[in-house]
Amino acid sequence: MTRTDLSLGDLTARDHAFYGLVWAGATLSARVDQALTRAHELPLSWFEVMLWLHGQDEPVAASDLGAKTLLSRSQVSRVVDALHARGLVERAPAPSDARSVRIALTAAGRKAFAAADATRRAALADVFDGRLDDADIRALETVWAKLKQPPADRGAR
C-alpha cells in the first residue's frame, strides 16, 4: 500500500507557526513522557508537579500548583496523591488555615526528581538541544515571554 504524503494545504505563516508549536509541544512531550515512564515509572504530569515543587523553598498550596501546571485542579490532586503514595511528596497543614494543605518534595522526591530530570535531558538531547543553538534558544525565550503575557485590553487602542 502506497502512503500518501498529506498536506495541510495553504496556510498563512501565522497558522504554520501555530501548528508548528502544537506539533513541537506534542512531539517533545510524548518523547519525554515515554522516557520518564520507562526509566522511572513517572509520567510527565507527575514530573511537571515535581518540577514546580523542586523550585520552591517552602511547601506550596495545591491550588498554586494547579495555577502553574498544565493540569486541572482534580488532576493535580490525583498526581499529588500518587506522589504521596510513593513517598515523593509530603503534605502539611497550612499555618494560616488548618483546612488547607501545603505540599513539598521529600528528600526521596528531590532525589527522584534529579534522576528524572537527567532522563528528560537525555531524551531531548538529540531532538532539541542538538538542533538548537544559543540564538535559537534566546528566540524561543522571547516568543514564550510574549505568549505568556496576558492579552492586551482590546478597548485601549
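Predicted, not measured: the structure shown is a model, and the values here were computed from it. (Residues numbered from 1 in each chain as written. Predicted model: local features only at pLDDT ≥ 70, side-chain atom pairs only at ≥ 80, totals over all residues. Heavy atoms only, no water.)

K.L.:
Could you give an account of the overall build of the chain, with specific residues and numbers?
P.N.:
From N to C terminus, the chain includes six helices and three strands. Secondary structure elements of the chain, listed N to C terminal, follow the sequence α-α-β-α-α-β-β-α-α. Taking 157 residues into account, the globule formula puts the C-alpha radius of gyration at 15 Å, and the chain, at 19 Å, lies well above it. Counting only C-alpha atoms, the chain reaches 55 × 50 × 35 Å along its principal axes. Excluding contacts between residues fewer than 6 apart, the proportion of contacts in the chain whose partners are at least 24 apart in sequence is 50%. Summed over its atoms, the accessible surface of the chain is roughly 11600 Å², and 55% of this surface lies on carbon and sulfur atoms. (Helix = DSSP H or I, 4+ residues; strand = E, 2+ residues; numbered from the N terminus. Rg over C-alpha atoms; globule rule 2.2 N^0.38 Å. Contact = heavy atoms within 4.5 Å. Areas by Shrake-Rupley, 256 points an atom, 1.4 Å probe, with all protein chains shown as cover.)

K.L.:
Outline the sheet that holds strand E3 (residues 101–105), supporting the account with residue identities and numerical values.
P.N.:
As a general point, the strands of a sheet are linked pairwise by backbone hydrogen bonds and lie either parallel or antiparallel. The antiparallel open sheet is built from three strands, whose spatial order is E1-E3-E2. The two strands at the open ends of the sheet, each matched to only one other strand, are strand E1 (60–61) and strand E2 (89–93). Taken together, the five bridges between E2 and E3 define a ladder with antiparallel strand orientation. The residue of E3 that forms the bridge with Pro93 is Val101. (Pairing = 2+ DSSP bridges.)

K.L.:
Describe in detail the packing of helix H2 (residues 44–54) against helix H5 (residues 107–129), supporting the description with residues and values.
P.N.:
For the pair H2 and H5, the least separation of the axes is 10 Å and the interaxial angle reads 115 degrees. Handedness of the crossing formed by H2 with H5: left-handed. Here H2 contributes Phe47, Met50, Leu51, Leu53 and His54 to the contact with H5, which in turn contributes Gly109, Arg110, Ala112, Phe113, Ala116, Asp117 and Arg120. Taken together, the residues of the contact of H2 with H5 break down into seven nonpolar, two polar and three charged. (Axes fitted to C-alpha atoms, helices over the stretch in contact; angles between N-to-C directions. Left-handed = near helix turned anticlockwise from the far one by under 90°. Nonpolar A, V, L, I, M, F, W, Y, C, P; charged D, E, K, R; others polar.)

K.L.:
Hey, could you go over H5 for me, with residue numbers and the actual values?
P.N.:
The principal kink in H5, of about 40 degrees, is found at Ala123. All of the buried residues along H5 are Gly109, Phe113, Ala116, Asp117, Thr119, Ala123 and Leu124. (Bend = angle between axes of the 7 residues up to and from the residue. Buried < 20%, exposed > 50% of the residue type's maximum accessible area, 1.4 Å probe, protein only.)

K.L.:
I'd love a proper account of the pairing of E3, names of residues and values included.
P.N.:
The side chains of a regular strand alternate, first on one face of the sheet and then on the other. Alignment of E1 against E3, held across two bridges, turns out to be antiparallel. Note on E3: the bridge partner recorded for Val60 is Ile103.

K.L.:
Give a description of the environment of Gln34 that names residues and reports values.
P.N.:
Within the element layout of this structure, Gln34 appears in helix H1 (residues 13–40). Once the C-alpha coordinates of Gln34 and Gly9 are considered, the two residues, 25 residues apart in sequence, prove to be 31 Å apart.

K.L.:
So what's going on with the pattern of salt bridges? Which residues, and what values?
P.N.:
One pass over the full model with this rule turns up four salt bridges. Asp126 is the partner of Arg31 in a salt bridge, and the nearest nitrogen-oxygen pair spans 3.2 Å. Residue Arg31 is found in helix H1, and its partner Asp126 is found in helix H5; the two are separated by 95 residues along the sequence. Under the relative-accessibility criterion, Arg31 is labelled partly exposed at 34%. A salt bridge links Asp81 to Arg91; the nearest nitrogen and oxygen atoms lie 2.2 Å apart. One end of the pair, Asp81, is in helix H4 (residues 73–85); the other, Arg91, is in strand E2, with ten residues separating them in the sequence. Taking the relative accessible area as the measure of exposure, Asp81 reaches 40% and is therefore partly exposed. (Salt bridge = Lys/Arg side-chain N within 4 Å of Asp/Glu carboxyl O.)

K.L.:
Tell me what's going on with the packing of aromatic side chains, and back it up with residues and numbers.
P.N.:
The full count for this structure, using the stated rule, is two aromatic pairs. A ring pair is formed by Phe18 and Tyr19, whose centres lie 5.0 Å apart and whose planes are at 70 degrees; its orientation type is edge-to-face. Its relative accessible area of 47% is what places Phe18 among the partly exposed residues. Ring centres of Phe47 and Phe113 lie 5.2 Å apart, and the angle between their planes is 15 degrees; on these two criteria the pair is classed as stacked. Highlighted residues: Phe47 in helix H2 and Phe113 in helix H5, separated in sequence by 66 residues. (Phe/Tyr/Trp six-rings, centres within 6.5 Å; stacked < 30°, edge-to-face > 60°.)

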